[in-house]
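# Survey of secondary and tertiary structure
So you can see what is in the structure, the chains are spelled out below.
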Amino acid sequence: MQRPTKTIQGLEHIKGYTMKVIITGATGMVGEGVLFECLQNPAVSAVLIISRRHYEMQHIKLKELIVPDFFELETFAAQLKGYDACFFCAGISSVGMKEEKYTRITYDTTLSFAKVLLNVNSDMVFTYVSGAQTDSSEKGRLMWARVKGRTENDLSRLSFRAVYHFRPGLMLPFPLQKNWKAVYQFIAKAIKLVSPKSVITMQELGRAMINAVKKGYPKTILEIADIKALAGE
């Protein structure tokens, strides 16, 4: 169920505005795709990727911060100042995991990370990649969907300038993405042939996140149709 929203004014009204963003998950398929879009998008002037391990790329916009334990992010607070948005794309599969461990990684880590950023940049926009079928009621049958729903709900209670939850389904990568499984891309392309509205590109996801910061959006939960619409603005 879509939670009530307030109108959030974007930042595009500020003359000459470009944004500085933090991205997590760049060593995974979603974060890497969002990174690619940020590096090529003129609305983004600087990108800080925060990862547990090194990501091999050099770009004039790009800085990297290695944080082996996200629960210790506060140690690096001085390096987090001055950013306009966080695109939180880090995540793992729940396959084979007990709920306690999955909650620790998905819920506890994300909330801890977000609270540190909030203390440093209270006017920041925080975007969280959850997934299609995330359970906002926190009472459904699927364990991962309950945990993601709880994560969304508690992030929304934090006093960022805005919090947006992105629920993409199948996604197609940028041509030069490294962190992508060929079988996943094959499945996404096959489904796009029969149901094009069910699949988005990584460029659309990244552009929608950037536009959420620039323009704002009337919903806090963005399903596939919302992502496509916001990406096209």
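Reading guide: rules and limits
- Residues numbered from 1 in each chain as written.
- Predicted model: local features only at pLDDT ≥ 70, side-chain atom pairs only at ≥ 80, totals over all residues.
- Heavy atoms only, no water.
- Helix = DSSP H or I, 4+ residues; strand = E, 2+ residues; numbered from the N terminus.
- Expected span 1.5 Å × (residues − 1).
- Bend = angle between axes of the 7 residues up to and from the residue.
- Buried < 20%, exposed > 50% of the residue type's maximum accessible area, 1.4 Å probe, protein only.
- Contact = heavy atoms within 4.5 Å.
- pLDDT = per-residue confidence, 0-100.
- Axes fitted to C-alpha atoms, helices over the stretch in contact; angles between N-to-C directions.
- Left-handed = near helix turned anticlockwise from the far one by under 90°.
- Nonpolar A, V, L, I, M, F, W, Y, C, P; charged D, E, K, R; others polar.
- Salt bridge = Lys/Arg side-chain N within 4 Å of Asp/Glu carboxyl O.
- Pairing = 2+ DSSP bridges.
- Right-handed = clockwise from strand over helix to strand, strands pointing away.

## Digging into helix α2 (residues 99-120)
- Across its 22 residues, α2 extends 31 Å between first and last C-alpha, which sits within 8% of the 32 Å expected from 1.5 Å per residue.
- Of all the bends in α2, the greatest, near 25 degrees, is centred on Asp108.
- Buried within α2 are the following residues: Tyr102, Thr103, Thr106, Tyr107, Thr109, Thr110, Leu111, Phe113, Ala114, Val116, Leu117 and Leu118.
- Those residues of α2 that are buried are in contact with β1 (19-24), β2 (44-51), β4 (85-88), β5 (125-129) and α3 (143-156).

## A look at the confidence of the model for the protein chain
- Of all residues in the protein chain, 84% have pLDDT values of 70 or greater, and the mean over the chain is 88.
- For the stretch residues 1-7, pLDDT sits under 50, and the model shows 16 contacts to residues farther than four places along the chain or on other chains.

## As for the packing of helix α1 (residues 29-40) against helix α5 (residues 202-215)
- α5 packs onto α1 with a crossing angle of 65 degrees between their chain directions and a minimal axis gap of 8 Å. The two elements α1 and α5 meet at a crossing, and its hand is right-handed. Of α5, the residues touching α1 (which contributes Met29, Val30, Gly33, Val34, Glu37, Cys38 and Gln40) are Met202, Gln203, Leu205, Gly206, Arg207, Met209 and Ile210.
- Among the residues forming the contact of α1 with α5, the class breakdown is 8 nonpolar, 4 polar and 2 charged.

## So, the pattern of salt bridges
- For the structure on display, the rule yields 7 salt bridges.
- Between Glu99 and Arg146 there is a salt bridge, and its shortest N-O distance comes to 2.8 Å. Within this pair, whereas Glu99 is found in helix α2, its partner Arg146 is found in helix α3, the two being separated by 47 residues in sequence.
- Judged by its relative accessible area of 18%, Arg146 falls in the buried class.
- Put simply, Glu152 and Arg167 hold a salt bridge, and the shortest N to O gap is 2.7 Å. With Glu152 in helix α3 and Arg167 in the loop between β6 (162-166) and β7 (170-172), this pair connects stretches of sequence that are 15 residues apart.
- Ionic contacts of the salt-bridge type, sharing partners, join the residues Glu152, Arg167 and Glu223 into one network.

## Digging into the environment of Ala225
- Looking at the element boundaries, Ala225 is found in helix α6 (residues 224-231).
- Given a relative accessible area of 58%, Ala225 falls into the exposed group.
- The spatial distance from the C-alpha of Ala225 to the C-alpha of Ile200 is 9.2 Å, given a sequence separation of 25 residues.

## Some thoughts on the environment of Leu80
- Within the secondary structure, Leu80 sits in the loop between β3 (62-66) and β4.
- Spatially, the C-alpha atoms of Leu80 and Asn121 are 7.9 Å apart, while their sequence positions differ by 41 residues.
- Those residues within four positions of Leu80 in sequence are excluded, and the remaining contacts are Ile22, Leu48, Ile50, Leu65, Leu73, Val116, Leu117, Val120 and Asn121.

## Overview of the pairing of β5
- Within β5, 5 of the 5 residues are buried, which leaves the element mostly enclosed by the surrounding structure.
- Residues Val125, Thr127 and Val129 point to one face of β5 and Phe126 and Tyr128 to the other, with burial holding for every one of them.
- Pairing of β4 with β5, which is carried by 4 bridges, proceeds in the parallel orientation. Its bridge partner lying in β5, Cys86 is registered against Phe126.
- Considered for its hand, the β-α-β crossover made up of β4, α2 and β5 is right-handed.

## Some thoughts on the pairing of β1
- Burial analysis of β1 places 5 of its 6 residues in the buried class, which makes it a mostly covered element.
- The β-α-β motif built from β1, the intervening α1 and the parallel element β2 has right-handed crossover chirality.
- Sheet topology places β1 next to β4; 4 bridges connect them, and they run parallel. The partner of Ile22 across the bridge, within β4, is Cys86.

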